[in-house]
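An overview of the molecular structure
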Amino acid sequence: MKKIVALFLAAVLLCALAAPSLAAYKDEYKLDIVPSLTTAWGMGATYFADLVKERSDGKINIKVYPGSQLTTGKQTNAFLLVRNGTIDFAVQSSINYSPQLVELNLFALPFFIANQPHPYKALDAIKNGKAGQMIIKAIEDKGVKFLAFGENGFRELTNSKKAIKTPEDLEGMKIRVVGSPLFLDTFRALGANPVNMNWSDTMAAIQQGVVDGQENPISTFYPVKMHDYHKYVTDWHYVVDPTLYVVNPDVWKSFSAEDQKMIQAAAEEAGKYMVALARISLDDGSALAYLQKINQVPEITDWHKTLKDAGMEVTTLTPEQTKAFADKTAPVLKEWRSKIGEDLVKAAEEDMASVGK
Ligand code: X2X
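Residues numbered from 1 in each chain as written. Predicted model: local features only at pLDDT ≥ 70, side-chain atom pairs only at ≥ 80, totals over all residues. Heavy atoms only, no water.

**A look at the pairing of strand β9 (residues 232-241)**
- Within β9, 10 of the 10 residues are buried, leaving the element largely enclosed by the surrounding structure.
- Sheet topology places strand β5 (residues 153-159) next to β9; 6 bridges connect them, and they run antiparallel. From the neighbouring strand, Asn159 faces β9, where its bridge partner is Tyr232.
- Judged from the 4 bridges that link them, β9 and strand β11 (residues 313-316) form a sheet pairing that is parallel. Pairing of Asp235 across the sheet is with Thr316, part of β11. (Buried < 20%, exposed > 50% of the residue type's maximum accessible area, 1.4 Å probe, protein only. Helix = DSSP H or I, 4+ residues; strand = E, 2+ residues; numbered from the N terminus. Pairing = 2+ DSSP bridges.)

**Some thoughts on the site of the ligand**
- Around the ligand, the neighbouring residues are Val34, Trp41, Gln75, Ser93, Asn96, Asn152, Arg155, Arg176, Val178, Trp199, Asn216 and Asp241.
- Here an oxygen atom of the ligand and a side-chain polar atom of Asn152 are 3.3 Å apart.
- Measuring from an oxygen atom of the ligand, one finds a side-chain N or O atom of Asn216 at 2.6 Å.
- Taken together, the residues that form the shell around the ligand break down as 4 nonpolar, 5 polar and 3 charged. (Near = heavy atom within 4 Å. Polar contact = N/O pair within 3.5 Å; in protein donor to acceptor, adjacent residues only side chain to side chain. Nonpolar A, V, L, I, M, F, W, Y, C, P; charged D, E, K, R; others polar.)

**Quick word on the sheet that holds strand β4 (residues 145-149)**
- The strand order across the open sheet built from 5 strands is β2-β1-β3-β10-β4, with neighbouring strands paired in mixed fashion. Because the sheet does not close on itself, it has two edges, and the strands there are β2 (62-65) and β4. For this sheet, the mean angle separating the axes of adjacent strands, direction not counted, is 25 degrees.
- Here strand β3 (residues 89-93) runs beside strand β10 (residues 243-247); their pairing, made up of 5 bridges, is antiparallel. Residue Gln92 lies in a different strand from β10, and its bridge partner there is Leu244.
- Relative to the sheet, helix α11 (residues 257-279) contacts β3, β4 and β10, its axis offset from that of β4 by approximately 40 degrees. (Axes fitted to C-alpha atoms, helices over the stretch in contact; angles between N-to-C directions. Contact = heavy atoms within 4.5 Å.)

**Observations concerning the environment of Ala45**
- Residue position: Ala45 is located in helix α2 (residues 40-55).
- Here Ala45 falls in the buried class, since its relative accessible area comes to 0%.
- Counting along the chain gives 268 residues from Ala45 to Glu313, while the straight-line C-alpha distance between them is 30 Å.
- Not counting chain neighbours up to four residues away, the residues in contact with Ala45 comprise Leu31, Ile33, Val64, Val91 and Tyr245.

**A few points about helix α8 (residues 181-189)**
- Within α8 the residues assigned to the buried category are Leu182, Phe183, Leu184, Thr186 and Phe187.
- For α8, the N-terminal capping position is held by Ser180, with its side-chain oxygen 2.9 Å away from the main-chain nitrogen of Leu182.
- Gly191, located one to two residues past α8, shows a positive phi value of around 85 degrees.

**A short note on the side chain of Ser180**
- Structurally, Ser180 is set in the loop between β6 (174-177) and α8.
- Looking at Ser180, the relative accessible area reads 0%, which means it is buried.
- For Ser180, the side chain forms a polar contact with the main-chain nitrogen of Leu182, separated by 2.9 Å.
- For Ser180, the contacting residues outside a window of four places in its chain are Ile95, Ser98, Asn105 and Trp336.

Right, dumping it as structure tokens:
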């Protein structure tokens, strides 16, 4: 009898202990993204939310808010809002976090990763290497829990005026850029006239001809019908934008250890899916093969063809043509190396060198 009473009391105690953490689960967790749900970014965020919902039997409900709704359009405030808990989760661009985390400018150093013999492999080596660890530490030291890398993609140039093949072609062109002053420095070095603008204001500025051009990953163009306004694409791969799956640390602590493990795995899986979507038709075929393997091949599997069919003229720069742009921006690269931190840039160079020729 005594044993039964003791067991009963232990059970009551356990329930009492478990109750606050269960009660702490919210009905909805808000997840912030900048573009629409139809982009690789949006699809990568939705995939994560769906996995978590399914694997928690509906207990953890993450809602994706597209179009920078949660930052009232100010995408570069996203890091601060995840840190203070206004936003629970985010899949955010390294560019949008760079005003608070100077280290994240690493990926936006002009022609730094792009100039490697295998840019995608070089990027992966950074993410999985010493530089990646340093970046994750910088994010977490500043008060946001990192879960996984995704990918927005290498960034290409579009404009309404002419095919851009040399830095001279960019002379005086008004180009919309986002985020860090590094982008202003890069475009000024190329003789252009860059303007900082949120993505939520960009399409209107493009439609009204307030700007002549913009730069973004190729998978972003079709969903916003960029082809209706910009005829010219220059595929120059000048910088890359990996995205980051992150969560507010208090929200993270409120999850049981088992749920944390499940959410972590879901973010990693969704990150891989997003990377593949961002690379489809732009890599050596690995992205498509992965999406086939997980049975998630998207409707569009060839970006250049899709954009050409929509009327865009795609210029892919030769290595010599790329060099002219890289030479012009070399002083910016040099200046920003020290702003970002020589240690981090050197670690990234070592990571990239491990890939080989
Ligand atoms: O604003 C942009 O250009 C975008 C959508 O790519 C980012 O959020 C960095």
